[in-house]
Amino acid sequence: MVSTRRAVFVTLPVFFTLVAVVFQVVTCVGGLDRAGLRDLYFLRMNTSNIVPASETPYASTLNTVAQRLGLQNFYQTSLFTYCYGNATTNGTTLGPVTGCNASSIHYAFSPVKIIENSLAIGAQVNVPTDVQNAMTLIDRASTALKVLCIAGACLAFVVLLLSPCVYASRLGTFFVWLIAVLSFLANTAAAVVAQIMYTVVRNIINEDVTEFNVIVTLGTTLFALIWVAAGASILCMLLMTFAICCCPPHPHDRLSHRDRKRLDKERIAALSPSTLSTSTMGRR
């Protein structure tokens with residue numbers, strides 16, 4: 001039988017691993033063109049008034065022309081694609097998502113390319129050189145983020161599949177713990193990279209790109225999902241570490257199935273009435 005303390009400290013990691021798998025998978029598929037997913041995003045760009053009113057008295061007219069050329073009121077990016085939509089009828093708030101770009105494993109977030117692809121053919125957006133250099137780094141970080149999220153979800157799923165091994169022995173727990181450590185590193189790195197990358201993009205566009213009136217905000221839901229996945233992976237790894245160090249398996253758990261049956265029969269025979277009476281007579 002498994003001791004109560006060990007049962008607790010090997011069952012809780014399984015639960016937290018399941019949480020990590022579910023939340024990381026939702027992070028990966030968030031933003032796809034499906035009901036309930038298309039509203040998830042890491043970053044949203046409000047381009048409804050891309051021409052600042054301070055630049056020209058014809059800002060409202062120019063914004064209308066930009067929209068007729070194909071510019072949407074807002075764009076929001078996720079791991080494998082981006083979605084877009086328009087403002088509400090009164091023009092004061094952003095409306096629901098009206099469409100999404102085709103998802104791709106090769107998708108890399110680039111706000112400049114997103115806007116250029118939405119405008120008429122041949123249209124280009126000129127941004128400062130330092131911003132272009134920063135966007136190149138963001139492109140590489142976006143690729144790394146996809147790899148980390150997929151790796152974290154896959155490793156957590158492997159831990160979930162091998163979770164029965166942690167009940168048998170310290171060796172089995174140690175083997176699963178190694179994979180749990182890799183899952184923890186991948187999921188935590190993914191959360192950190194996402195937080196830093198999109199925060200940097202937000203600050204660059206809001207503070208440095210003054211030629212356009214683009215307001216960037218971060219999406220709280222998708223960030224919450226990726227951080228919960230990272231937190232669950234951390235708890236899984238820590239609890240497994242405690243199980244290895246402080247919760248050794250019961251000696252009975254290390255025996256083979258045949259040896260267990262033999263010992264159980266010997267215990268039953270020792271406690272049977274005939275055995276007890278024979279033992280009593282022998283004492284007399």
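Since the structure is predicted, the reported quantities are computational estimates derived from the model, not experimental observations. Throughout, a residue's number is its position along its own chain's written sequence, starting from 1. Since the coordinates come from a predicted model, pLDDT governs what is reported: local features require at least 70, and pairs of side-chain atoms require 80 or more to be given and counted, while whole-chain, interface and lining totals use all residues. Remark: hydrogens and water are excluded; side-chain values derive from all non-hydrogen atoms of the structure.

1. Points about the sheet that holds strand β5 (residues 215-218)
Rules: Two strands pair if DSSP finds at least two bridges between them. A run of H or I in DSSP counts as a helix once it spans at least four residues, and a run of E counts as a strand once it spans at least two, with each numbered from the N terminus. Every axis in this analysis is a line fitted to C-alpha atoms, fitted for helices over the stretch in contact. Angles between the N-to-C directions lie between 0 and 180 degrees. Between two residues, a contact is recorded if the distance between any of their heavy atoms is within 4.5 Å.
Taking strand neighbours across the sheet as the criterion, the five strands line up as β4-β3-β2-β1-β5 in an open arrangement whose pairing is antiparallel. Edge positions in the open sheet fall to β4 (94-100) and β5, since each of these has one partner strand only. The mean inter-strand angle of the sheet, taken between neighbouring strand axes irrespective of direction, is 25°. Two strands pair when backbone bridges link them, and strand β1 (residues 43-46) and β5 are joined in this way by four bridges, in the antiparallel orientation. Among the inter-strand pairings, R44 is bridged to a residue of β5, identified as T217. The strands touched by helix α5 (residues 170-208) are β1, β2 (74-77) and β5; relative to β5, the strand with the most contacts, the crossing angle is about 160°.

2. Things to note about a nonpolar patch on the surface
Inclusion rule: Every patch collects residues that have over 30% relative accessible area and no salt bridge, joining them within 9 Å if they carry like charges and within 5 Å if they are nonpolar side chains (Val, Leu, Ile, Met, Phe, Trp, Tyr). Only the protein chains shown count as covering a residue, and every accessible area follows the Shrake-Rupley method with a 1.4 Å probe. By definition, a salt bridge exists where a carboxyl oxygen of Asp or Glu is found within 4 Å of a side-chain nitrogen of Lys or Arg.
A contiguous nonpolar patch, built from V192, I196, V200 and W227 and spanning about 330 Å² of accessible area, is present on the exposed surface. Ranked by residue count, the leading element in the nonpolar patch is α5, at three residues. Tracing the backbone through its elements, the reader meets V192 in helix α5.

3. Things to note about the packing of aromatic side chains
The condition is simple: For Phe, Tyr and Trp, rings pair up if their centres lie within 6.5 Å, where Trp contributes its six-membered ring, and each pair is then called stacked (planes under 30 degrees apart), edge-to-face (over 60) or tilted (otherwise).
Evaluation of the coordinates by the stated rule reveals nine aromatic pairs. With a centroid separation of 5.4 Å and 65° between ring planes, the pair formed by F15 and F16 is classed as edge-to-face. Taking 5.6 Å as the distance between ring centres and 25° as the angle between the ring planes, the aromatic pair formed by F174 and W177 counts as stacked. Of this pair, F174 and W177 are both found in helix α5, three residues apart, which corresponds to roughly one turn of the helix.

4. What about the pattern of salt bridges?
A side chain of one charge can pair with a side chain of the opposite charge if their charged atoms are brought near each other. Inspection of every chain in the model, using the stated rule, returns one salt bridge. For R38, the salt bridge identified is with D33, shortest N-O distance 3.1 Å.

5. Points about the side chain of S142
Using the following cut-off: Relative accessible area decides the class of each residue, using a 1.4 Å probe on protein chains only: under 20% of the type maximum gives buried, over 50% gives exposed, and in between gives partly exposed.
Structurally, the position occupied by S142 is in helix α4 (residues 129-161). S142 sits in the buried class, given a relative accessible area of 3%. Setting aside anything within four residues of it in sequence, one finds S142 in contact with Y107, A108, F109 and M197.

6. Considerations on the pairing of β2
The two faces of β2 match: F74 and Q76 on one face and Y75 and T77 on the other face are all buried. In terms of strand pairing, β1 meets β2 through four bridges, oriented antiparallel. Within β2, the position partnered with R44 by the bridge is Q76. Two strands pair when backbone bridges link them, and β2 and strand β3 (residues 82-87) are joined in this way by four bridges, in the antiparallel orientation. Within β3, the residue paired with Q76 across the bridge is C83.

7. Structural notes on the state of the cysteines
When the sulfur atoms of two cysteines share a covalent bond, that bond is a disulfide. Keep this limit in mind: Our working definition of a disulfide is a cysteine sulfur pair at a distance within 2.5 Å.
Enumeration over the complete set of coordinates arrives at one disulfide. Each sulfur of the disulfide joining C83 and C100 lies 1.9 Å from the other. The disulfide joining C83 to C100 has a torsion of about 95° about its S-S bond and is therefore right-handed. On the criterion of sequence distance, the pair formed by C83 in strand β3 and C100 in strand β4 is long-range, its members being 17 residues apart. Among the residues examined, C100 registers a relative accessible area of 15% and is labelled buried.

8. A look at the side chain of T27
Our working rule: Two N or O atoms form a polar contact when they lie within 3.5 Å of each other; inside protein one atom must be a possible hydrogen donor and the other a possible acceptor, and for residues adjacent in sequence the pair counts only when both atoms belong to side chains.
Here T27 lies in helix α1 (residues 4-29). For T27, the side chain forms a polar contact with the main-chain oxygen of F23, separated by 2.8 Å. Ignoring sequence-local partners within four residues, the contact set of T27 consists of F42, L79, C149, L222, L225 and I226.

9. Details of the packing of α5 against helix α6 (residues 220-246)
Packed helices, taken two at a time, are described by the angle between their axes plus the distance between the axes. What counts here: Oblique is the label for every angle not falling under 35 degrees (roughly parallel), over 145 degrees (roughly antiparallel), or within 65 to 115 degrees (roughly perpendicular). Should the near helix be turned counterclockwise from the far one by less than a right angle, the crossing is left-handed, whereas a clockwise turn marks it as right-handed. Put simply, Ala, Val, Leu, Ile, Met, Phe, Trp, Tyr, Cys and Pro go in the nonpolar bin, Asp, Glu, Lys and Arg in the charged bin, and everything else, Gly too, in the polar bin.
At a minimum axis separation of 8 Å, α5 and α6 run at an interaxial angle of 155°. Here α5 lies roughly antiparallel to α6, going by the angle between them. Crossing hand, α5 versus α6: left-handed. Its residues assigned to classes, the contact of α5 with α6 shows 22 nonpolar, seven polar and one charged.

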